[in-house]
Amino acid sequence: MTKTPLNPGDSPLVREALNSVVSRETPTAQLPTQTDTGQDSWPKPAKCRVIAVANQKGGVGKTTTSVNIAAALSMNGERVLVVDLDPQGNASTALATEHRGDIPDVYQVLVDDLPMADIVKQVPDMPNLYCAPATIDLAGAEIELVSLVAREARLRRALTAYDALDLDYIIIDCPPSLGLLTVNALVAADEVMIPIQCEYYALEGLGQLLRNVDLIKAHLNPTLRLSTIVLTMYDGRTRLASQVADEVRAHFGDTVLNTVIPRSVRLSEAPSYGQSVMTYDPGSSGAMAYMDAAREIAHRALV
Ligand code: ADP
Ligand code: MG
């Protein structure tokens, strides 16, 4: 007897998450109008786009998405900085950027007012790609920030003061929480990108994240917008994955990238070689998907 997969739409949790967002504006995104070869430069944004990659769930693909979208953009002529805002420092590892305890890191920028320029490193063999590393020290920042002046806006202040690299994109890899680090990312950003894993519980907590985005928009950063949802770890063999993808598309429309990121072992192997998958195995399904996703992002007009 064939098992019928659960319909994610039946879950009260999913309903709750989705109901809270049904009435949200879905900004009309402009999809790619031309197919490019990947060799020509992609359109440069008029001003640097600051994108926070956020989802308080761990293991949904935030870091993998941040690192590989950033690498793909940089390989197409965009100048990109990845800010590692997770004390685990996974983005720093994947970008071969040292993040031992005694290396100056984002913690010192946020808590000790160290200039961004003092911590940013160029990623080896990636001429247009830069990383602001996180060490384990950053774990203390959630608490230490509480007593500081303008505690929610410290990353924004640091990034505003930092224009040394003539950047096209700043991509902020958030930790798996909705604490002050993520708040700092959302206050510093113009756009939020949410990776959603194509799994049953994927939408759990999404309502809470979106309410936080709305709160920050209302009180701290009026121009913030949810610009992009990217479906990750898609397993085309399961009906559940396509059901989750359909539900997300039904509710978020054009905010969802056309490109879906498949499950790909290469994506999980690349960080241990200090590489993005774009250089580790450019022909793999994961690399090609992130290249397509980055192309969509680059071609989307900002409203
Ligand atoms: P997060 O930053 O949200 O915690 P990660 O990007 O670290 O999530 O991903 C969690 C784990 O899943 C990592 O081990 C990563 O290598 C792996 N992973 C992420 N995306 C994929 C994918 N599309 N296919 C296979 N493994 C993936
Ligand atoms: Mg991560």
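Residues numbered from 1 in each chain as written. Chains lettered and ligands numbered in written order. Predicted model: local features only at pLDDT ≥ 70, side-chain atom pairs only at ≥ 80, totals over all residues. Heavy atoms only, no water.

## Digging into the environment of Ala164
Quick reminder of the rule: For helices the rule is a DSSP run of H or I covering at least 4 residues; for strands it is a run of E covering at least 2, with both sets numbered from the N terminus onward.
Counting through the fold element by element, Ala164 comes out in the loop between α6 (154-160) and β5 (169-173). Once the C-alpha coordinates of Ala164 and Met116 are considered, the two residues, 48 residues apart in sequence, prove to be 9.5 Å apart.

## Observations concerning the site of ligand 1
Keep this limit in mind: Only heavy atoms are used to decide nearness, and a residue is near a molecule or strand if one of them lies within 4 Å of it. Note on areas: Shrake-Rupley, 1.4 Å probe, and residue coverage restricted to the protein chains presented here. Put simply, Ala, Val, Leu, Ile, Met, Phe, Trp, Tyr, Cys and Pro go in the nonpolar bin, Asp, Glu, Lys and Arg in the charged bin, and everything else, Gly too, in the polar bin.
In the region of ligand 1, 14 residues are neighbours, and Gly59, Thr63, Thr64, Pro262 and Ser264 sit closest. Within the complex, 78% of the 560 Å² of free accessible area of ligand 1 lies under protein. Elements that contribute at least two residues to the shell around ligand 1 include exactly α2 (62-75) and α10 (265-269). Considering every element that reaches the shell around ligand 1, the biggest residue donor is α2, with 3 residues. Residue composition of the shell around ligand 1, by class: 5 nonpolar, 7 polar and 2 charged.

## Observations regarding the environment of Gly286
Under the convention used in this document: The contact criterion used is simple: two residues touch if any of their non-hydrogen atoms lie within 4.5 Å.
As for its position among the elements, Gly286 is in helix α12 (residues 285-299). Placed 25 residues apart in sequence, Gly286 and Ile261 show a C-alpha to C-alpha distance of 6.4 Å. The contacts of Gly286, once residues within four sequence positions are left out, are Pro262, Ser264, Leu267 and Val277.

## Notes on the packing of aromatic side chains
Cut-off, in case you're wondering: Two aromatic rings, drawn from Phe, Tyr or Trp (for Trp, its six-membered ring), form a pair once their centres lie within 6.5 Å of each other, and the interplanar angle then sorts them: stacked below 30 degrees, edge-to-face above 60, tilted otherwise. Categorising residues by exposure relies on relative accessible area from a 1.4 Å probe, with only protein chains included: less than 20% of the type maximum marks a residue as buried, more than 50% marks it as exposed, and the intermediate range marks it as partly exposed.
Within this structure, the stated rule accounts for 2 aromatic pairs. Consider the rings of Tyr273 and Tyr280, whose centres lie 4.9 Å apart with planes at 25 degrees: the pair is stacked. Since its relative accessible area comes to 52%, Tyr273 is described here as exposed.

## A few points about the packing of α2 against α12
Our working definition: For helices, the fitted line uses only the C-alpha atoms of the stretch in contact; every axis is such a line through C-alpha atoms, and the angle between N-to-C directions lies from 0 to 180 degrees. Should an angle lie under 35 degrees it is considered roughly parallel, over 145 roughly antiparallel, and from 65 to 115 roughly perpendicular; all remaining angles are considered oblique.
Closest axis-to-axis distance for the α2/α12 pair is 9 Å, and the angle between their directions is 70 degrees. Here α12 runs roughly perpendicular to α2, going by the angle between their axes. Here Thr64, Thr65, Asn68, Ile69, Ala72 and Leu73 of α2 come into contact with α12, specifically with Tyr290, Met291, Ala293, Ala294, Ile297 and Ala298. A breakdown of the residues in the contact of α2 with α12 according to their chemical character gives 9 nonpolar, 3 polar and no charged.

## Let's talk about the pattern of salt bridges
Put simply, the rule is: Throughout this description, the term salt bridge denotes a Lys or Arg side-chain nitrogen within 4 Å of a carboxyl oxygen of Asp or Glu.
What the rule picks out here adds up to 15 salt bridges. For Glu98, the salt bridge identified is with Arg100, shortest N-O distance 2.1 Å. When its relative accessible area of 45% is taken as the criterion, Arg100 is described as partly exposed. Ionic pairing is found between Arg266 and Glu269, a salt bridge with its closest N-O pair at 2.7 Å. Taken together, the positions of Arg266 and Glu269, both in helix α10 and 3 residues apart, correspond to about one turn of that helix. Through salt bridges with shared partners, one network takes in Glu98, Arg100 and Asp102.

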